[in-house]
Amino acid sequence: MTVSLLYHVAAILLVLYAAGHTMGFRRVDPRWGIDAFVAGLRTTRFDVQGRRHSYWDFYVGFGLFVTVLLAFAAVLAWQLGGLPAATLATLPLITWGLAACFVAATVVTWRYFFVAPIVFSVIITLCLLAAAWLAGRP
């Protein structure tokens, strides 16, 4: 696999991950038996720095924040995949930084989430690690 292909595969997977995350993180399955809890998150409101919020607002806000960061990572990976090898070799902080970020995200995902995001995280991380390694080779 080439560096370009690895970054482009990672970018496409990141777009799919962002879309899946956005569609799924606010869904609450009635079979989970947490309707009353979620209703409490949505209806209990309080003031924070002059604005009225609920914990559900924070949950949705941080979920959308994650979507924005996943989308940015997809754009970055796509752009890295379009750079010449000589240019990529001069950007180890970016190539390895993105890979390291996803190593950490994969650890968090493995610890706190479930199969679908774990699979996406692991494959994206492997692509980014391989691309960073190949990009640094002469």
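Residues numbered from 1 in each chain as written. Predicted model: local features only at pLDDT ≥ 70, side-chain atom pairs only at ≥ 80, totals over all residues. Heavy atoms only, no water.

(A) Molecular detail of the packing of aromatic side chains. Tallied over the full model, the rule gives six aromatic pairs. A centroid spacing of 6.3 Å and a plane angle of 65° characterise the contact between Tyr55 and Phe58, whose relative ring orientation is edge-to-face. Of the two residues, Tyr55 and Phe58 both sit in helix H3 (residues 55-81), three residues apart, roughly one turn of that helix. Among the aromatic residues, those joined into a ring-pair cluster are Phe25, Trp56 and Tyr59. One Lys or Arg, Arg42, reaches over the ring of Trp56 and ends 4.2 Å from the middle of that ring. The ring of Tyr112 is capped by Arg111, whose NZ or CZ atom sits 4.7 Å from the centre of that ring. (Phe/Tyr/Trp six-rings, centres within 6.5 Å; stacked < 30°, edge-to-face > 60°. Helix = DSSP H or I, 4+ residues; strand = E, 2+ residues; numbered from the N terminus. Lys NZ or Arg CZ within 6 Å of the ring centre and 35° of its normal.)

(B) Layout of H3. For H3, spanning 27 residues, the distance from its first C-alpha to its last is 39 Å, which sits close to the expected 39 Å at 1.5 Å a residue. For H3, every residue scored as buried is listed here: Trp56, Val60, Gly63, Thr67, Leu70, Ala73, Ala74, Ala77, Leu80 and Gly81. Of the surrounding elements, those touching the buried residues of H3 are helix H1 (3-24), helix H2 (35-43), strand S2 (51-54), helix H4 (85-89) and helix H5 (92-112). (Expected span 1.5 Å × (residues − 1). Buried < 20%, exposed > 50% of the residue type's maximum accessible area, 1.4 Å probe, protein only. Contact = heavy atoms within 4.5 Å.)

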